[in-house]
Amino acid sequence: MERKKRSSYDIIYDILVTCKPGVKKTRLMYNANLSFEVLKKYVDVLVEKQLILKKDEKFFVTEKGMKFLDILRTFREKKKELDEISSKLKELI
């Protein structure tokens, strides 16, 4: 099976979902399947954008982050639908 590279939105989605209950950096790294360097880059941006916050060595999703997560979830659903339609079109050509 071919492994596709995750988009930035996919990585952000995985980080936000993992942070919902509150999580330490190491657990976040493993659950989001990221290297330490990549995780640090994303975490720094997400904290700066106030989508997650660090409290007592754990990361949590903010209210703004939850709104972003909801929009991302919708985006992923629509993208999947469009990918399926695109696949059907290619079958007919």
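Residues numbered from 1 in each chain as written. Predicted model: local features only at pLDDT ≥ 70, side-chain atom pairs only at ≥ 80, totals over all residues. Heavy atoms only, no water.

Q: Go over the environment of Asp14 with me, naming the residues and quoting the values.
A: If you trace the backbone, Asp14 turns up in helix 1 (residues 8-19). Distance from Asp14 to Leu34, taken between C-alpha atoms, is 9.9 Å for residues 20 residues apart in sequence. Dropping the residues within four chain positions of it, Asp14 is found in contact with Arg6 and Ala32. At 2.6 Å, the side chain of Asp14 and the side chain of Arg6 are in polar contact. (Helix = DSSP H or I, 4+ residues; strand = E, 2+ residues; numbered from the N terminus. Contact = heavy atoms within 4.5 Å. Polar contact = N/O pair within 3.5 Å; in protein donor to acceptor, adjacent residues only side chain to side chain.)

Q: Which residues make up the packing of aromatic side chains, and what are the values?
A: Evaluated as defined, the whole model comprises 1 aromatic pair. Ring plane angle 65° and centroid distance 5.3 Å describe the contact between Tyr9 and Phe75, whose orientation is recorded as edge-to-face. Of this pair, Tyr9 sits in helix 1 while Phe75 sits in helix 4 (residues 63-92), and the two are 66 residues apart along the sequence. For Tyr9, a relative accessible area of 43% corresponds to the partly exposed category. Across from the ring centre of Tyr13, 3.8 Å away, lies the NZ or CZ of Arg76, which sits over that ring. (Phe/Tyr/Trp six-rings, centres within 6.5 Å; stacked < 30°, edge-to-face > 60°. Buried < 20%, exposed > 50% of the residue type's maximum accessible area, 1.4 Å probe, protein only. Lys NZ or Arg CZ within 6 Å of the ring centre and 35° of its normal.)

Q: Give me the pairing of strand 1 (residues 52-55): which residues, what numbers.
A: Here strand 1 pairs with strand 2 (residues 58-61) via 4 bridges, running antiparallel. Across the sheet, residue Ile52 finds its bridge partner in strand 2, namely Val61. (Pairing = 2+ DSSP bridges.)

Q: Can you explain the packing of helix 1 against helix 3 (residues 36-48)? Please cite residues and give values.
A: For the pair helix 1 and helix 3, the least separation of the axes is 11 Å and the interaxial angle reads 75°. One element, helix 1, and the other, helix 3, form an angle in the roughly perpendicular class. Contact residues: helix 1 offers Ser8, Ile11, Ile12 and Ile15, while helix 3 offers Leu39, Tyr42 and Leu46. Looking at side-chain class alone, the contact of helix 1 with helix 3 contains 6 nonpolar, 1 polar and no charged residues. (Axes fitted to C-alpha atoms, helices over the stretch in contact; angles between N-to-C directions. Parallel < 35°, antiparallel > 145°, perpendicular 65-115°, else oblique. Nonpolar A, V, L, I, M, F, W, Y, C, P; charged D, E, K, R; others polar.)

Q: Go over the packing of helix 1 against helix 4 with me, naming the residues and quoting the values.
A: In the contact formed by helix 1 and helix 4, the axes pass within 10 Å of each other and the chain directions differ by 130°. By the angle between their directions, the pair helix 1 and helix 4 is classed as oblique. The element helix 1 and its partner helix 4 pack so that their crossing is left-handed. Residues Tyr9, Asp10, Ile12, Tyr13, Leu16 and Val17 of helix 1 pack against Gly65, Phe68, Leu69, Leu72, Arg73, Phe75 and Arg76 of helix 4. Here the residues of the contact of helix 1 with helix 4 are counted per class, giving 9 nonpolar, 1 polar and 3 charged. (Left-handed = near helix turned anticlockwise from the far one by under 90°.)

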